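Descriptive analysis of the structure
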Amino acid sequence: GVTLIAAELGAGSLVGPGAHLLVWLDRASGTLGDADLDAAAIEVAREMSVAAAPATREIQLPGGGRATVYLEQHMPPSDLVIVGAGHIARPLCSIGAMLGFRVIILDDRPEFATRERFPEATEVVKADFSAPLHDIDLTPSTHLVLVTRGHKYDFDALRDALRRDVQPAYIGMVGSRRRVRAALEMLAREGISDDRLAAVHAPIGLDLGAETPEEIAVAIAAEIVRLRRGGSGESLRDRERVVERWVR
């Protein structure tokens, strides 16, 4: 969306602050009050990167006028697809919903894949674990978490995801170092590229010393947030050293 903050377009202009313009890749709706300003604002809006934060921009017009606009993206929620409806999935579903994800739960056990266990989920799907992602559309904004009850199911889902033309924003798989290494070696022998294998977060999550399912869910969510926001994952206390400098 583009909101006009101020404009200097010459005498007689009726353009005023607060006018709003919605811009898609293939169309626009609304007006800022001037055709040339609309055209320039649409061009600026479409140049924004997908991950860009809201920002104020100055626009210079061909006739010598200028305007200040506020640009803000309105993106649909990203999907958090959790394959496996066990102990980790329950708290992770809650956290994912709080973070603004559309949470989709997959499991092949009817007693686990229930709305009662996952009230915050957008979808709860009883899946066939011989092809767990068969009906799931993975997009560049999908975050995929593999936490099934068996390594074979995690591996099958991972293989399916890595063979897709479109790769998710995040793929994380639970498992020991030994099992993860064995899985990656097998996928490499099957022809999966090194670049795609390198994008897999396995073992999953940040090193928080997590032990309980709830703590493990926090570690997974923290890794996803770090990826989305570009953080380092280090302690802010250690990085900023405010306390250390103060006590000295």
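Just so it is clear, the structure is predicted and the values come from calculations on it, not from any experiment.

1. Here's the deal with the overall build of the chain
From N to C terminus, the chain includes eight helices and 11 strands. Compactness check: the chain gives a C-alpha radius of gyration of 23 Å against a globular reference of 18 Å for 248 residues, more than 25% above the reference. Counting only C-alpha atoms, the chain reaches 70 × 60 × 40 Å along its principal axes. In the chain, which comprises 248 residues, the proportion classed as buried is 37%. A fraction of 52% describes how many contacts in the chain between residues 6 or more apart in sequence connect residues 24 or more apart. Separation of charge centres in the chain, based on 29 positive and 36 negative side chains, amounts to 6 Å.

2. Thoughts on the sheet that holds strand 4 (residues 55-60)
The antiparallel open sheet is built from five strands, whose spatial order is 3-2-1-5-4. Edge positions in the open sheet fall to strand 3 (28-30) and strand 4, since each of these has one partner strand only. Each strand of the sheet is rotated relative to its neighbour by a mean of 30°, with strand direction disregarded. Bridge count between strand 4 and strand 5 (residues 66-71): six bridges; the pairing is antiparallel. Looking at the pairing, A55 lines up with L71 of strand 5. Seen against the sheet, helix 1 (residues 35-46) touches strand 1 (2-8), strand 2 (20-23), strand 3, strand 4 and strand 5 and runs at an angle of roughly 45° to strand 2.

3. Quick look at the environment of R163
Considering the arrangement of structural elements, one finds R163 in helix 3 (residues 151-163). Residue R163 is classed as exposed on the basis of its relative accessible area, which comes to 51%. Sequence separation between R163 and R46 is 117 residues; the distance between their C-alpha atoms is 31 Å.

4. Observations regarding the packing of helix 2 (residues 89-98) against helix 6 (residues 213-229)
Two elements in contact, helix 2 and helix 6, have axes separated by 8 Å at closest approach and are oriented at 40°. In terms of their interaxial angle, helix 2 and helix 6 are classed as oblique. Helix 6 is crossed by helix 2, and the crossing has right-handed handedness. Across the interface between the two elements, P91, L92 and I95 of helix 2 pack against P213, E214, A217, V218, I220 and A221 of helix 6. Counted by class, the contact of helix 2 with helix 6 contains eight nonpolar, no polar and one charged residues.

Conventions adopted
- Residues numbered from 1 in each chain as written.
- Predicted model: local features only at pLDDT ≥ 70, side-chain atom pairs only at ≥ 80, totals over all residues.
- Heavy atoms only, no water.
- Helix = DSSP H or I, 4+ residues; strand = E, 2+ residues; numbered from the N terminus.
- Rg over C-alpha atoms; globule rule 2.2 N^0.38 Å.
- Buried < 20%, exposed > 50% of the residue type's maximum accessible area, 1.4 Å probe, protein only.
- Contact = heavy atoms within 4.5 Å.
- Lys, Arg positive; Asp, Glu negative; His and termini not counted.
- Charge placed at Lys NZ, Arg CZ, Asp CG, Glu CD.
- Pairing = 2+ DSSP bridges.
- Axes fitted to C-alpha atoms, helices over the stretch in contact; angles between N-to-C directions.
- Parallel < 35°, antiparallel > 145°, perpendicular 65-115°, else oblique.
- Left-handed = near helix turned anticlockwise from the far one by under 90°.
- Nonpolar A, V, L, I, M, F, W, Y, C, P; charged D, E, K, R; others polar.

Just distances and angles here, no functional claims.
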